[in-house]
Structure formats: C-alpha cells, structure tokens
Amino acid sequence: MSPGLLFGGVFNGDDVKDEEFNGLHPNQSVISCCYSLPFLPALEKTNFNDFSSNFDETRSHKRLRRTPSLDESSNGLNTTLPRLQFRDHVWAYTQRYLAIEAMEQGIEDDNMEVSGNNTDGMILVQQLIACAEAVACRDKLHASALLCELRSNALVFGTSFQRVASCFVQGLADRLALVNPLGATTTRSNAALIKKDEALRLVYEICPQLQFGHFVANESILEAFEGESSVHVVDLGMTLGLPFGNQWRSLIHSLANRAGKPLQRLRITGVSNDAERLQSIGDELNLYAQSLGIQFEFQYVETNLEDLQAKHFNLYKEEVLVVNSILELHCAVKESRGALNSVLQVLHELSPKLLVLVEQDSNHNGPFFLGRFMEALHYYSAIFDSLDAMLPKYDTRRAKIEQFFYAEEIKNTVSCEGPARVERHERVDQWRRRMSRAGFQPTPLKMVADAREWLKKGNVCEGFTVVEEKGCLVLGWKSKPIIAASCWKC
C-alpha cells in the first residue's frame, strides 16, 4: 500500500480492514500526479505556507482522527514519522488542482501569467475544501458563509474546475440543509426525468464512456456465443434505459452477419422497475431483429436489483446465458454488503457462461464523507476537463450533460446518505474482491489493441486512453481512470 493517510476501522459492516485515502501524498511531487507542463516548476515554487495558515484560521472544527499508515517505529528505534493532518492533504490537493487549472488556462492563452490564475484557483480550492470540512462538522454558520463566497466564484459557464465546483457547491448546500434526510429516498418530477433522459442521450452520443462499455461487452459476448445456436442475454438496467436498445442493435447486427453455425434464437431479458420503457425497447429490438431475419424473443423483469430472484427468469437448458451489467451494480452497494451479495448470489445461481461488468473506476463509497468528497472532486474534474476538449465553451449540449447528468451524480454522492445515496462507485480492485467472494472467477480481457483501434475509428477526442489492468480494460482521460470493464465466469 502506498504511503498516505489511512482511515482505520471497519467499512460499514464490510470486511475491508482499512481504506486508503487515494490522494496525493503530501511529500510526493505534483509532477508525478499531474500533467507534464512547461510551467509546473513555477507552480512547485509557489509558497503555500500562507494558504495553510489561513486555512487553519478559517475553521475551528476538530481535525479528522487517523490511524498511522506506517509503523511509528522502525527496528525497535524510537524514531517517529510526522503526523499527517487534514491540512497536509488540503495542501497536496491544492497543488493538484492548481496544476490542472494552470494547464487549462495555459491552453486558452499561452501569454497569460500563471501567478494570477494560481491565486484564483487557490482561493476556489481553499473555499471548496474548507466548506466541505465545515459541512462535515455541521458548522452551519461557517459553511453558509463559505457557500455564499463559492457561489460567486464557482461559475456554471466558467473554467472546467469552476463548473465542476458549482456542482459540488449544490451538493454541499443540500447536505447542509438536510434536503435529503438520512434514510430518505428521492423522487424526481417528470420534467426532471425528461431532462436527465436527454442528458443521458447526449452523454451516449458525445462521450465515449458508455459506447466503450458497449463495445467491450459486445465483443466479449460475441466470443462467448461463438458456435452457439440458442443464446440468451440478461441485461441489468438496459443501460440506464437508453432508448432504441443501442447496445443490442449492434449485437444483433453482428450475430446476423457472423460466419459459421447460424443463430436459431436470440433471447434478451431486461431487468428494471420501469416496465413501460423496457417494453418499448423490446418492441424496437424485435422489429430490428425481424428485418435481419433473426428469431428474437424479448422479456422483462419489473423489479429493482435488491428484490431480484432466480425464479424471475425463464431459462432453457440448451441455451447459453450471458449477464450484462453496464453502470448498474454499484446501485446495489449499501452500507452493509448484504444487498450486493444477495444480487450476486442470484446471478451466480443462474450459472451464466459470462458476466460482463462495466463500472466507474473511482472510490466514491468510502466510509468518511471528506475522503469521498476528495475522490469525487478529483474524478469529476477529469470528466469536466474532457468535456472542455470535446465541446465549445458555450455549447448548450455541454451544459445539459454537466447540469442534468453529472451534477446529479455529484449531488447524490455529496449530499445523500443511507438508501438515498445510490452513486456508490468503487475502484476495480474492490470489485475484484466482491466478485471473488461471490464465487465468480475473472476472465481476462485480451482486446486492448482492439479497444485502442476502436478509439481511433470512432474519432474519439485525443486525450482518452485505454489500458489493460490485471485483465480489465480501463478507459481514462489523460491517465486518470474513468470507467473499467471486466468479465467473470462461474
């Protein structure tokens, strides 16, 4: 485990013994964690002592307690390591975000002086993290004052960091006001659902994350179906309810044109609590399959994941079964691991030949709010930075994607607790442990070259990368992991 702050204790009933604060270690050079820029040396010379002292004066809260990440003694000697305080991590994260901000501003204007921009960025980062700590400590007076300042600095149409900061400000304000009390579940109006559906469609069309997941899943499924005449796919969530069944139209086309043994029957079972939407998708797919001469059957199971049971599925002995989960299983992760374990046990009971898992590759489910806040801030900063490269500054499509899709994820991560918090993203290593405990075995993905070729053919914005990590494929933005795909068998 790399040196860093460790939060001791059991993770809400899970058997994870400790959780690493996956941030930049205060003694680690910012160059190793940020982009390679010609003006980074100037950043590293910036004096952050004044910032650290000012940050101390702005709050009277208690600092987080921690357990040492390294042994306090070595070889029996009485030498001790310096204690890491929360302000050390504030200082380190400030350097990280200032480097990202400096890169963005440098691209916009090569002649712009870095020092002025650093000052603005430092103030925004200072206020944002100080506000998060005040909210965590329920210091309403101090947090409210900081929120007022942040609202004037975190602009919806500003730089990428200002825009992502505006989303976190909304989440902090909701958490402070207890808009979503502990244990409460949220409901959206029809207008809000329509806006999110439109934003989801734009995410699919413009951003590569979902299409990457569909590509890796379909390639893996085609390999599992090779030589089989009767095949069945169980799709959890039907990719968030995207209209037209985009992923399966592509699979149906590939199956209709494959060489070798002809396909006799394709069955797809969708799982969601929105029966009307599932049936609409199924009707679209049925028409498309008929046009290609494929015998197609569509069924749906109207339920949420927690109530899923093996008896809900009609399985045939002669068919090959594959389970597909795109950005869905993290919603079954709760404070205790019982809910997710129950879902995984049901899926294991189905005995699929392959289970495809695609999830966000970031730790937004830590036991401590401040650590989760930092992780989410780093993750979504990379996503908003990628949107800058893909869309013009005042493009309304970008505003819709940010405010009606990603902002909703951010607010759920920051403001909600208990059953209301469903955006419980975890790192791929944690998913490996969960899947292994449920009885699944990893099936390595050996298509990194194909995935990189897919990026090129799709004219995906330069800056996205695909790497193979312990048998998984990870899509990232400038080396920051965004989404990970893995395959499993019983």
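Residues numbered from 1 in each chain as written. Predicted model: local features only at pLDDT ≥ 70, side-chain atom pairs only at ≥ 80, totals over all residues. Heavy atoms only, no water.

A. View of the overall build of the protein chain. Per the secondary structure count, the protein chain includes 16 helices and 11 strands. Each of the 490 residues in the protein chain was classed as buried or not, and the buried ones make up 54%. Taking all contacts inside the protein chain whose residues are at least 6 apart in sequence as the whole, residues at least 24 apart take part in 77%. (Helix = DSSP H or I, 4+ residues; strand = E, 2+ residues; numbered from the N terminus. Buried < 20%, exposed > 50% of the residue type's maximum accessible area, 1.4 Å probe, protein only. Contact = heavy atoms within 4.5 Å.)

B. Representation of the confidence of the model for the protein chain. Of all residues in the protein chain, 73% have pLDDT values of 70 or greater, and the mean over the chain is 80. For the protein chain, the element scoring lowest by mean pLDDT is strand β1 (residues 6-8), at 33; strand β7 (residues 354-360) scores highest, at 98. Across residues 1-82, confidence stays below pLDDT 50; counting only partners more than four residues off in sequence or on other chains, it has 158 contacts. In the predicted structure, residues 106-115 sits below a pLDDT of 50 and forms six contacts with residues beyond four places in sequence or in another chain. (pLDDT = per-residue confidence, 0-100.)

C. Here's a closer look at the environment of Asn-314. Position of Asn-314 relative to the elements: it lies in the loop between β5 (296-302) and β6 (320-326). The partly exposed category is assigned to Asn-314, whose relative accessible area is 42%. If we ignore the near neighbours within four places in the chain, the residues touching Asn-314 are His-232, Arg-267, Gln-299 and Glu-319.

D. Focus on helix α12 (residues 338-349). Here α12 spans 16 Å end to end across 12 residues, near enough to the 16 Å set by a 1.5 Å rise per residue. For α12, the complete set of buried residues consists of Leu-340, Asn-341, Val-343, Leu-344, Val-346 and Leu-347. Looking at the buried positions of α12, the neighbouring elements they touch are β3 (230-236), β6, β7 and α15 (428-437). Of the residues one or two after α12, Ser-351 is the one with positive phi, at around 55°. (Expected span 1.5 Å × (residues − 1).)

E. Quick look at the side chain of His-425. You can see His-425 is positioned in the loop between α14 (396-415) and α15. On the basis of relative accessible area, His-425 is assigned to the buried category, the value being 1%. Polar contacts involving the side chain of His-425 include one to the side chain of Gln-360, which spans 3.4 Å. Apart from residues no more than four positions distant in its own chain, His-425 is found in contact with His-330, Gln-360, Ser-362, Asn-363, His-364, Asn-365, Tyr-380 and Glu-409. (Polar contact = N/O pair within 3.5 Å; in protein donor to acceptor, adjacent residues only side chain to side chain.)

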